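The chain contents come next:
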Amino acid sequence: MGDRYDLIILGGGPGGTDAAQAAAARSMKTAVVERSHIGGTCLNRGCVPTKTALHAAEIYRQAKNAARYGIEGGEDLRMDMAAFREYKENTLETLRQGMLMTLKKSGVDVIQGEGRLAGRGVVKVGDETYEADRILIATGSVPARVPVPGVDLPGVVSSDEMLAFEKLPEKLVIIGGGVIGVEMAYLYSSFGCSVTLIESLKRLLANLDKEIGRSVAQILEKRGVDIHTSAMVEEIQRGDGDELVCIYEEKGEKKSAAAETILIATGRKACTDGLFAEGGAELAEAILDEKGLIKVDEHYETAVPGIFAIGDVTGGIQLAHVAAAEGKNAVCAMAGEEPCVDMAQVPSCVYTDPEIASVGMTADEAKAEGIKVVSKKYLMGANGKSVLSGQERGFIKVIADPESGRIMGAQMMCARATDMITHFSQAIASGLTMKEMAGIIYPHPTFCEAIGQVTGE
């Protein structure tokens with residue numbers, strides 16, 4: 001029998017580790033069980049490695065086009081994938097060690113292995129059994145596969161494998177025009193790959209502002225990406241040699257796209273496989289719904305008292321910062337406290353070039369709900385920092401209540417948008433008006449001075 005804890009957390013991603021630190025700060029004896037590297041999907045296969053690669057791609061693209069700034073020699077650049085992988089792995093290991101050190105300083109135990117629920121308050125890790133007053137499930141999600149023939153062929157990969165290549169593919173087909181698909185299209189087209197992007201909906205990034213989806217498509221097409229929307233994939237076949245052929249229907253016409261690699265970027269599903277130990281069928285039936293998601297109440301507690309769940313595994317918004325916030329709030333609930341994080345405004349970010357960020361309501365959403373708003377837009381072509389740094393087309397759009405001027409939402413497509421969106425998150429949460437935001441002094445020349453412009457008279 002292993003140690004007994006106040007709280008055992010299954011999953012060492014952002015949700016699990018933030019919850020662990022919050023619990024330790026409340027003097028709970030806490031353990032995190034992680035079957036792979038600490039940091040979960042976000043740090044090891046998702047957010048961080050992808051953004052590391054996108055950062056490298058941005059540098060590469062800027063260097064290739066450096067002649068516009070009077071810097072010669074950019075045309076001789078090449079991408080060394082082995083050196084990049086080394087840089088990426090060093091970056092990830094630095095972050096892993098930092099996270100482990102933080103948990104250790106907080107007094108949190110990290111147990112390596114696959115944690116399985118063996119009953120209420122009981123977790124099995126290998127041959128060891130641990131007991132806890134409470135258990136928090138934070139096992140995240142895994143890539144979802146499209147149900148079409150051929151998805152299991154060699155060369156058909158998920159986002160988990162996309163950054164493990166020894167060499168760049170010459171041709172790449174991406175199925176899915178959401179955040180993952182669009183980011184990967186930017187990444188590989190920047191490195192000179194021939195990219196075809198296939199999306200079943202009418203536009204890319206369909207959950208964001210319409211103008212953002214249109215602008216993204218225009219920039220990607222300018223960079224050579226072949227985009228097909230309202231297109232349904234029917235089959236993946238083995239072609240000549242090492243090539244794969246993606247068969248799809250677009251506007252009633254059968255079409256095909258060939259490449260040596262096909263990326264399935266059609267979303268993620270809850271990771272509950274292997275969550276229950278032998279004999280745990282009754283427990284699984286109590287906490288899982290028909291889709292395999294874990295059902296929780298407003299305090300993140302399941303139907304089984306003492307078992308909580310947060311993040312992707314519950315079917316909510318699949319973002320690392322959402323899981324982290326839910327982890328903190330779940331611990332607050334366990335401690336009998338009010339939520340410590342306001343979940344009303346969740347910013348969404350896409351790390352393309354230019355970056356995309358959104359928070360609050362869009363004008364279309366307001367119209368659909370019958371809410372009157374005023375909308376203001378500022379084109380970043382008038383922003384000095386954007387011009388001097390050679391940025392692509394971009395804009396900031398803000399909507400507000402027409403009577404009070406209170407800000408209700410913002411959409412940004414410009415350099416540093418993912419950093420600047422927090423200004424609007426804070427404004428919405430604090431009930432700030434356009435006039436109040438415009439009344440702040442913004443340094444010049446900066447990207448963020450555009451906030452003062454869009455909210456001003």
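It should be noted that the structure appears before, not after, this text.
Residues numbered from 1 in each chain as written. Predicted model: local features only at pLDDT ≥ 70, side-chain atom pairs only at ≥ 80, totals over all residues. Heavy atoms only, no water.

Draft legend 1. Spotlight on a positive patch on the surface. A contiguous patch of positive charge, built from K202, K210, R214 and K367, is present on the exposed surface. The topology assignment puts K202 in the loop between strand 10 (194-198) and helix 6 (210-222). A relative accessible area of 75% means that K202 is categorised as exposed. (Patch = residues over 30% accessible without salt bridge, like charges linked within 9 Å, V, L, I, M, F, W, Y side chains within 5 Å. Areas by Shrake-Rupley, 256 points an atom, 1.4 Å probe, with all protein chains shown as cover. Salt bridge = Lys/Arg side-chain N within 4 Å of Asp/Glu carboxyl O. Lys, Arg positive; Asp, Glu negative; His and termini not counted. Charge placed at Lys NZ, Arg CZ, Asp CG, Glu CD. Helix = DSSP H or I, 4+ residues; strand = E, 2+ residues; numbered from the N terminus. Buried < 20%, exposed > 50% of the residue type's maximum accessible area, 1.4 Å probe, protein only.)

Draft legend 2. Broad picture of the sheet that holds strand 13 (residues 244-250). With antiparallel pairing, three strands are arranged side by side in an open sheet as 12-13-14. Each end of this open sheet is capped by a strand with a single partner; those strands are strand 12 (231-238) and strand 14 (253-259). The sheet shows a mean angle of 25 degrees between the axes of neighbouring strands, taken without regard to direction. Sheet topology places strand 12 next to strand 13; seven bridges connect them, and they run antiparallel. When the bridges of strand 13 are listed, Q237 appears paired with V245. (Pairing = 2+ DSSP bridges. Axes fitted to C-alpha atoms, helices over the stretch in contact; angles between N-to-C directions.)

Draft legend 3. Expanded view of the packing of helix 5 (residues 179-190) against helix 6. Between helix 5 and helix 6, the least distance of the axes is 10 Å, while the angle of their chain directions is 25 degrees. Relative to helix 6, helix 5 is oriented roughly parallel. In the packing of helix 5 onto helix 6, the handedness of the crossing is left-handed. Between helix 5 and helix 6, the contacting residues are V182, A185 and Y186 on the first element and V216, I219 and L220 on the second. A class-by-class count of the residues in the contact of helix 5 with helix 6 yields six nonpolar, no polar and no charged. (Parallel < 35°, antiparallel > 145°, perpendicular 65-115°, else oblique. Left-handed = near helix turned anticlockwise from the far one by under 90°. Contact = heavy atoms within 4.5 Å. Nonpolar A, V, L, I, M, F, W, Y, C, P; charged D, E, K, R; others polar.)

Draft legend 4. Local environment of the pairing of strand 2 (residues 30-34). Extensive coverage of strand 2 is indicated by the burial of five of its five residues. Alternating positions in strand 2 separate into two faces, T30, V32 and E34 on one and A31 and V33 on the other, with burial throughout. By the bridge criterion, four bridges tie strand 1 (residues 4-10) to strand 2 in an arrangement that is parallel. The residue of strand 2 that forms the bridge with L7 is T30. Regarding topology, helix 1 (residues 14-25) serves as the crossover connection from strand 1 to the parallel strand 2, and that connection is right-handed. (Right-handed = clockwise from strand over helix to strand, strands pointing away.)

Draft legend 5. Region of the structure containing helix 6. Taking 1.5 Å of rise per residue, the 13 residues of helix 6 would be expected to cover 18 Å, and the 19 Å separating its terminal C-alpha atoms lies within 8% of that figure. Here helix 6 has its buried residues at E211, I212, G213, S215, V216, A217, I219 and L220. Between the side-chain oxygen at the start of helix 6 and the backbone nitrogen of E211 there is a gap of 3.0 Å, and the oxygen is on D209. Once helix 6 finishes, G224 follows within two positions and takes phi at roughly 95 degrees, a positive value. (Expected span 1.5 Å × (residues − 1). Polar contact = N/O pair within 3.5 Å; in protein donor to acceptor, adjacent residues only side chain to side chain.)

Draft legend 6. Representation of the sheet that holds strand 8 (residues 156-157) within the structure. What the five strands build is an open sheet, ordered 8-15-9-10-11; its pairing is parallel. In this open sheet, the two edge strands, each paired with only one partner strand, are strand 8 and strand 11 (226-228). Taken together, the three bridges between strand 10 and strand 11 define a ladder with parallel strand orientation. Paired with T196 across the strands is D226, a residue of strand 11.

Draft legend 7. Up close: unusual backbone geometry. D353 connects to P354 through a cis peptide bond whose omega is 5 degrees. Here P354 is to be found in the loop between strand 18 (348-350) and strand 19 (355-360). The omega torsion across H444 and P445 is -5 degrees, close enough to zero to call that bond cis. With respect to the helices and strands, P445 occurs in the loop between helix 12 (434-438) and helix 13 (449-455). In the Ramachandran plot, L205 falls in the positive-phi region, its phi being about 45 degrees despite a non-glycine side chain. Tracing the backbone through its elements, the reader meets L205 in the loop between strand 10 and helix 6. For L205, a relative accessible area of 0% translates into the label buried. Even without being a glycine, Y300 presents a positive backbone phi close to 70 degrees. Residue classification places Y300 among the buried residues on the basis of a relative accessible area of 13%.

Read these as spatial facts, not as claims about activity.
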